[in-house]
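So the chains spell out like this:
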Amino acid sequence: MCDEFARNDSRVKVIHQKNGGAGVSRNTGLDVARGELIGTVDSDDFILPEMYSKLYAIMRDNDADISMCGYVYADEAGNVLDNIKVKPRIDETITGEEGMRRYFTGYGDYCLTWEKLHKAEIFRDIRFPAGNRHDDLATIHRRFGASKLVAITGETFYMYCQRDESVMDNIRKYEKLKKFNLKYFQDIEYIYWEWVAYFESRKMREMYEFAFLRTYYLMGGTLHDVNCLQYRKEILPYFFLTMKKLIFSKSFKNKLRAVKLALKFVRSLFRPFQKQ
């Protein structure tokens, strides 16, 4: 089907390659892209027909470098899943730095790639880390950092589909957690040091604490989801090693904050397991 589109429209390029994950696919697309705008859609999701025309319009009207829209969770038939709530967005234009700060201070879904339209120049020096299941987290600070203005619409155009075989759904489901491995924590640790290096290069030391808080949240949420003691025991040694690196890093005043957060986190590990 894709090859047929390419035969009928010279603007369409089809690339056949081994599945290396979302990051590798996005990088391949970025390497061959020749247009002025970049948009991505995950393979198991779908969008409404007017999504990119709307994102382009608000980008143009506000002279923005990034535009973003609302999204909902949906099943394979396109039915909205009302039991999964998404923080609503409003029509507004913010600076790239404000977008970055929002991600680190409570707007976790601002890191997403697929509900956005980027100017191609944003990715001039940015590529997604291959093999890291959180490639959007590893680049969000640089994408916002490279943009002057971000235009946001509260309208919903992206359908984030929930299938049993989807990556994020597999992480959450208990049965799939039997295949859980420590690479998740290695990916998060890699992202943390990417954040710190970036903030240090930009002399944004006040962001160190927020980077640690986000790392704490990402690791903590996953450990809380692992309801089987056996798998917690497998994960904990690596977690403590990571915490040790963070606590004794060159994070200035955040060393003391890191110790406090680490102790609070360890205490949270002894919450009762959820019943299956």
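Every chain is numbered independently, its residues counted from 1 as its sequence is written. Per-residue local features of the predicted model are confined to residues with pLDDT of at least 70, and side-chain atom pairs are confined, for both listing and counting, to 80 or more; whole-chain, interface and lining totals are unaffected and use all residues. To obtain the side-chain values, all non-hydrogen atoms of the structure were included, while hydrogens and water were left out.

## A closer look at the side chain of N132
So the rule is basically this: Per the convention used, a helix needs a DSSP run of H or I reaching at least four residues, while a strand needs a run of E reaching at least two, with both numbered from the N terminus. Only protein chains enter the accessibility calculation, which uses a 1.4 Å probe; a residue is then buried when its area is under 20% of its type maximum, exposed when over 50%, and partly exposed in between. Pairs of N or O atoms are called polar contacts if they sit within 3.5 Å, as long as, within protein, a hydrogen donor faces a hydrogen acceptor (for residues adjacent in sequence, only side-chain-to-side-chain pairs). Pairs of residues are marked as contacts when any of their non-hydrogen atoms sit within 4.5 Å.
Along the polypeptide, N132 turns up in the loop between β5 (116-119) and α5 (140-145). A relative accessible area of 6% places N132 in the buried class. One polar contact links the side chain of N132 to the main-chain carbonyl oxygen of D187, over a distance of 3.3 Å. Once residues within four sequence positions are removed from consideration, N132 is found in contact with K183, D187, Y190 and I191.

## A few points about the environment of N132
When the C-alpha atoms of N132 and Q186 are compared, they prove to be 8.9 Å apart, with 54 residues separating the residues in sequence. Engagement of the side chain of N132 in a polar contact is seen with the backbone nitrogen of H134, the distance being 2.8 Å.

## Topic: the packing of aromatic side chains
Geometry of an aromatic ring pair is reported as the spacing of the ring centres plus the angle between the planes. The condition is simple: Geometry of aromatic contacts follows a simple scheme: Phe, Tyr and Trp rings, the Trp one being its six-membered ring, pair when their centres are within 6.5 Å, and the pair is stacked under 30 degrees between planes, edge-to-face over 60, tilted otherwise. Geometrically, a charge over a ring is one whose NZ (Lys) or CZ (Arg) sits within 6 Å of the ring centre while staying within 35 degrees of the ring normal.
Scanning the entire structure with this criterion turns up 14 aromatic pairs. With a centroid separation of 4.9 Å and 75° between ring planes, the pair formed by Y192 and W193 is classed as edge-to-face. For the ring pair Y198 and F199, a centre distance of 5.9 Å and an interplane angle of 65° mean the geometry is edge-to-face. Each member of the pair Y198 and F199 is classed as buried. Taken together, the ring pairs connect Y71, Y73, W114, Y158 and Y160 into an aromatic cluster. If you follow R26 out to its NZ or CZ, it ends over the ring of F128, 5.4 Å from the centre. The cationic tip of K87 hangs over the ring face of Y107; the distance from NZ or CZ to the ring centre is 4.2 Å.

## Overview of the pairing of strand β3 (residues 66-74)
Stated formally: Any two strands with at least two DSSP-identified bridges between them are counted as paired.
Buried residues dominate β3, accounting for nine of its nine residues. Pairing between β3 and β5: three bridges, direction antiparallel. What sits directly across from S67, in β5, is L117. Across eight bridges, β3 lies against strand β6 (residues 149-161) in parallel orientation. Residue Y73 lies in a different strand from β6, and its bridge partner there is Y160.

## Topic: the environment of A138
Inspection of the secondary structure assignment puts A138 in the loop between β5 and α5. Accessibility expressed as a relative area gives 5% for A138, which makes it buried. Filtering out sequence-adjacent residues up to four positions away, A138 remains in contact with P129, Y190 and I191.

## Quick notes on the pattern of salt bridges
A side chain of one charge can pair with a side chain of the opposite charge if their charged atoms are brought near each other. Going by this rule: By definition, a salt bridge exists where a carboxyl oxygen of Asp or Glu is found within 4 Å of a side-chain nitrogen of Lys or Arg.
By the definition in use, this model includes 16 salt bridges. The closest approach of N and O atoms between E4 and R7, which form a salt bridge, is 2.7 Å. Residue E4 and its partner R7 are located together in helix α1 (residues 2-8), separated by three residues, close to a single helical turn. According to the relative accessible area criterion, R7 is exposed, its value standing at 60%. As a salt-bridge pair, R11 and D9 come within 2.8 Å of each other at their nearest N and O atoms. Under the relative-accessibility criterion, D9 is labelled partly exposed at 23%. Residues joined in a network through salt bridges with shared partners are R89, D109, E115 and K116.

As far as function goes, none of this settles anything; it's purely spatial.
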